[in-house]
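Here are the chains, one letter per residue:
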Amino acid sequence: MNLVIDDVGFTYPGGAEALRGVSLRIQGGESIAFIGENGAGKTTLMKHLNGLLKPSRGRVTVDDWDTREHTVAKLAARVGFVFQNPDDQIVERTVIDEVAFGPRRLGQSETDALANSVAALEIVGLSDESRTHPYDLSASQRKLMTLASVLAMRTPVVIFDEPTMGQDARGLKLIGDIVEELKREKRIVLIITHDIDFCSAHFERVVAMADGRVLIDGPTAEVMARADLLATTNVEPPQLVRLAQALGLPVAPLTIDGLIAALPR
Amino acid sequence: MSQSFSLYIPTNSGMHRLHPLTKLALVFLCLVLGLFLPGVWLSYATFALIIIPSALWGGVLPRLLSALFKTALPIALSLFLIQGLFWPGGTPILHLGPLSFKEEGLYFSIQRTGRFIMIIGSFLLLTFTTRPDELMLALNRHGIPNSITYIILSTMQIIPRFQAKANTILDAQRSRGLETEGNVLVRIRALLPLIQPLLLGSIVDIDERAIALEVRAFGRKGPRTSLLTLHDTPAQRIARWLMLLAAVAVIAWGIYLWLAPRFIA
Ligand SMILES: Nc1ncnc2c1ncn2[C@@H]1O[C@H](COP(=O)(O)OP(=O)(O)OP(=O)(O)O)[C@@H](O)[C@H]1O
Ligand SMILES: [Mg+2]
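Since the model is a prediction, treat every value here as computed from it, not as a measurement.

Visitor: What exactly am I supposed to notice about the pattern of salt bridges here?
Guide: Should their charged atoms come close, side chains of opposite charge can pair. Residues and elements named next belong to chain A. Across all of its chains, the model carries 22 salt bridges over all chains by this definition. Here K183 makes a salt bridge to E180, at a shortest N to O gap of 3.3 Å. Of this pair, K183 and E180 both sit in helix α6 (residues 169-184), three residues apart, roughly one helical turn. Overall, the relative accessible area of 13% leaves K183 in the buried class. You can call E180 partly exposed: its relative accessible area is 25%. The salt bridge involving E185 is made with R187; its shortest N-O contact spans 3.0 Å. The exposure class of E185 is partly exposed, given its relative accessible area of 33%. Each of E17, R20 and D211 takes part in a single network of salt bridges with overlapping partners.

Visitor: Explanation requested: the packing of helix α4 (residues 61-86) of chain B against helix α5 (residues 103-129) of chain B in the structure shown.
Guide: Between two packed helices, both the angle of their axes relative to each other and the distance between the axes serve to describe the pair. Residue and element names in this part refer to chain B. At their nearest, the axes of α4 and α5 sit 9 Å apart, and the two run at 160 degrees to each other. With respect to α5, the element α4 is oriented roughly antiparallel. For α4 against α5, the interelement crossing comes out right-handed. Of the residues belonging to the contact of α4 with α5, the class tally is 17 nonpolar, seven polar and two charged.

Visitor: Explain the nonpolar core to me, please; I cannot follow it from the model alone.
Guide: Across soluble globular proteins, nonpolar side chains have a tendency to be buried as a group. Of all hydrophobic cores here, the largest spans 42 residues; its most connected members are I35(A), V99(A), L121(A), V124(A), L147(A), F160(A) and L230(A). The biggest single contributor to this core is helix α5 (residues 139-151) of chain A, with six residues. Lining this core are residues from two domains, each supplying at least three of them: domain 1 (3-78 + 156-262) and domain 2 (89-154) of chain A. Each residue touching L147(A), except ones within four places of it in the same chain, is listed here: V82(A), V124(A), F160(A), P163(A), I175(A) and I178(A). Ranked by size, the runner-up nonpolar core spans 32 residues in total, among them V8(A), L49(A), L52(A) and A172(B).

Visitor: Even after reading the chapter, I still don't get the sheet that holds strand β5 (residues 65-66) of chain A, so can you show me in this structure?
Guide: Residues and elements named next belong to chain A. Reading across the sheet, the four strands line up as β2-β1-β4-β5 and stay open at both edges, with antiparallel pairing between neighbours. Looking at which strands have only one partner, the edges of the open sheet turn out to be β2 (17-26) and β5. Examined bridge by bridge, strand β1 (residues 3-11) and strand β4 (residues 57-62) share five bridges and lie antiparallel to one another. Note that in β4 the partner of L3 across the bridge is V62.

Visitor: Mind showing me how you'd approach the domain arrangement of chain B here?
Guide: How big an interface is tends to be stated in terms of the accessible area lost upon association of its parts. All names here are of chain B. Each assigned domain of chain B is listed with its residue range as follows: domain 1 (1-144 + 233-265) and domain 2 (146-219). The centre of domain 1, based on its C-alpha atoms, is set 25 Å off from the matching centre of domain 2. Across the contact, 11 residues belong to domain 1 and 13 residues belong to domain 2. Summing the contributions of domain 1 and of domain 2, the shared interface buries around 1300 Å²; its carbon and sulfur component is 80%. If you look at where domain 1 meets domain 2, you find zero salt bridges. Along the contact surface separating domain 1 from domain 2 lie zero residue pairs in polar contact (both at pLDDT 80 or more). Listed by contribution, the elements that provide at least two residues to the side of domain 1 that touches domain 2 are α5 and α6 (132-141). Top element by residues in the side of domain 1 that touches domain 2 is α6. It accounts for five residues. In terms of residue class, the side of domain 1 that touches domain 2 is made up of eight nonpolar, three polar and no charged.

Visitor: How should the interface of chain A and chain B be read in this particular structure?
Guide: Taken residue by residue, the interface counts 23 residues in chain A and 17 residues in chain B. Surface buried jointly by chain A and chain B totals about 1900 Å² across both partners, of which 56% is contributed by carbon and sulfur atoms. Counting every contact that joins chain A to chain B gives one salt bridge. At the boundary of chain A with chain B, the tally comes to three residue pairs in polar contact (both at pLDDT 80 or more). Looking at the side of chain A that touches chain B, the elements that each hand over two or more residues are α2 (72-75), β6 (79-82) and α3 (95-105) of chain A. Broken down by element, the side of chain A that touches chain B gets its largest block of residues, four residues, from α3(A). In terms of residue class, the side of chain A that touches chain B is built from 13 nonpolar, six polar and four charged.

Visitor: Whenever I open this one, the side chain of R240(B) confuses me. Can you help?
Guide: Residues and elements named next belong to chain B. Turning to its location among the elements, R240 is positioned in helix α9 (residues 234-264). Here R240 falls in the buried class, since its relative accessible area comes to 9%. Polar side-chain contacts of R240 include one of 3.5 Å to the side chain of H19.

Visitor: Would you explain the domain arrangement of chain A in this entry?
Guide: Residue and element names in this part refer to chain A. The domains assigned to chain A are domain 1 (3-78 + 156-262) and domain 2 (89-154). With 17 residues of domain 1 in contact, the opposing surface of domain 2 contributes 11 residues. Taken together, the connections running from domain 1 to domain 2 amount to one salt bridge. Here R154 makes a salt bridge to E185, at a shortest N to O gap of 3.7 Å. Scanning the region where domain 1 abuts domain 2 turns up two residue pairs in polar contact (both at pLDDT 80 or more). Put simply, the parts of the chain that give the side of domain 1 that touches domain 2 at least two residues each are β7 (157-161) and α6. Counting residues per element, the side of domain 1 that touches domain 2 draws most heavily on α6, at four residues. Taken together, the residues that form the side of domain 1 that touches domain 2 break down as 11 nonpolar, two polar and four charged.

How each quantity is defined
- Residues numbered from 1 in each chain as written.
- Chains lettered and ligands numbered in written order.
- Predicted model: local features only at pLDDT ≥ 70, side-chain atom pairs only at ≥ 80, totals over all residues.
- Heavy atoms only, no water.
- Salt bridge = Lys/Arg side-chain N within 4 Å of Asp/Glu carboxyl O.
- Helix = DSSP H or I, 4+ residues; strand = E, 2+ residues; numbered from the N terminus.
- Buried < 20%, exposed > 50% of the residue type's maximum accessible area, 1.4 Å probe, protein only.
- Axes fitted to C-alpha atoms, helices over the stretch in contact; angles between N-to-C directions.
- Parallel < 35°, antiparallel > 145°, perpendicular 65-115°, else oblique.
- Left-handed = near helix turned anticlockwise from the far one by under 90°.
- Nonpolar A, V, L, I, M, F, W, Y, C, P; charged D, E, K, R; others polar.
- Core = buried A, V, L, I, M, F, W, Y, C linked by side-chain atoms within 4.5 Å.
- Domains from an automatic or database assignment.
- Contact = heavy atoms within 4.5 Å.
- Pairing = 2+ DSSP bridges.
- Buried area = accessible area lost by both parts, 1.4 Å probe.
- Polar contact = N/O pair within 3.5 Å; in protein donor to acceptor, adjacent residues only side chain to side chain.

Take a look at the structure:
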């Protein structure tokens with residue numbers, strides 16, 4: 001599975017030019033964090049990958065499929081998308097049915113759909129709530145439920161739009177574990193986040209966006225070292241990187257051990 | 001997101017530049033003409049002789065007709081079929097195999113369709129050509145309490161808000177494999193799961209709005225400063241009074257026509 005975004009431009013019907021020529025290649029097994037200030041075009045770009053938006057110019061392909069030639073429902077079998085606001089998707093009366101909604105629509109057998117849903121709920125720690133009404137969950141639990149509902153679809157590509165928002169340390173750790181698990185399964189994981197520490201902890205590649213364009217794209221440590229460029233899209237490098245720079249070290253460490261190793265003895 | 005929740009179409013026509021109250025008076029006159037007098041054809045005449053020319057002047061006629069067509073057609077069709085065919089004990093005038101259209105049912109359907117077209121048409125005319133904030137200010141200047149102008153304004157925003165919300169929810173479902181593209185049956189089935197999140201979401205919206213209003217001192221008494229200026233002319237002021245007088249006259253005439261036979265009998 002690979003994703004190709006080829007010189008994509010997109011203008012909303014209202015007139016906002018949200019993407020101005022974005023090109024990216026994403027290989028199977030890659031995990032990428034998308035960062036950048038509000039309105040940079042991150043969500044717009046991700047919506048191109050599952051066909052919710054079709055490029056005004058350029059091309060988006062998911063393996064051999066041009067997104068323009070396939071319906072969103074069909075692309076959903078390849079690209080799972082977790083929306084920012086959980087309340088926009090709740091349709092069923094119990095958590096388990098809500099999670100099984102996607103798998104059932106994708107034509108999984110009832111046994112598979114339920115097994116995948118149970119497994120997904122287990123991963124997000126909501127096994128005890130499977131008979132609860134989704135609206136009786138807390139806001140952060142609802143968010144985790146939407147993660148589960150996309151995990152259960154078992155798509156080769158998974159996109160999360162700001163999953164870390166509103167999560168406490170435990171939720172953060174859980175989402176981090178989910179990302180690691182998906183990486184182990186060699187699925188493509190794409191995430192939009194404003195949590196720069198989360199991004200440097202779990203992602204090898206970072207794409208920083210500004211004003212509908214890709215500002216920098218590269219290995220996390222390299223991107224984080226470009227404090228000057230990141231500042232233009234209102235992103236501050238992680239604390240460790242800033243500390244290393246303040247100390248005049250020539251590295252951009254992403255872990256405490258990395259920083260210690262770089263200290264002169 | 002920089003979406004605006006209003007149906008306003010920003011162009012610079014004479015209709016757009018009219019004082020909001022002038023347009024409101026025009027719409028009021030249309031409603032009175034179409035609703036207070038007996039007979040079938042007056043609402044059609046109001047639509048054809050006032051609303052259509054005004055929409056043409058405002059440069060919004062195509063949009064108005066297409067919006068009207070989409071809403072009125074299903075309603076008109078169901079009215080004609082149900083009332084026309086199943087009017088209890090009516091006079092049959094048109095035979096269709098074993099079924100027959102009843103005169104009274106058709107008469108009723110023509111009348112209701114006309115009223116519907118006229119009411120929605122004048123509502124659209126006003127919202128397409130009037131900035132909501134200007135209407136609000138105009139009403140406020142004329143001593144209408146904030147709470148009432150707020151109700152008017154939020155009613156004007158209900159349709160676009162619902163539309164935006166419905167689109168987001170539909171996107172979330174399509175992303176989970178719900179097929180929404182295809183024939184009418186597919187589309188109708190796709191809309192069913194929309195209803196619950198739409199209604200619940202709207203209730204949450206109301207709650208949030210109430211809080212937002214409170215923290216912005218909505219209930220505060222006394223005059224406020226506005227950054228908007230409204231353009232009014234003596235001619236418009238006279239026209240408004242004339243339209244109001246005409247409306248009152250029509251109401252009186254309607255009441256007379258209604259009462260007269262009862263008193264004579
Ligand atoms: N439905 C829409 N209609 C019109 N314009 C839109 C719509 N959605 C987004 N935009 C505009 O497109 C641009 C990019 O928006 P987008 O949501 O992709 O940004 P983002 O990087 O995801 O921002 P955020 O961090 O706030 O989520 C913005 O200028 C935004 O106002
Ligand atoms: Mg976004």
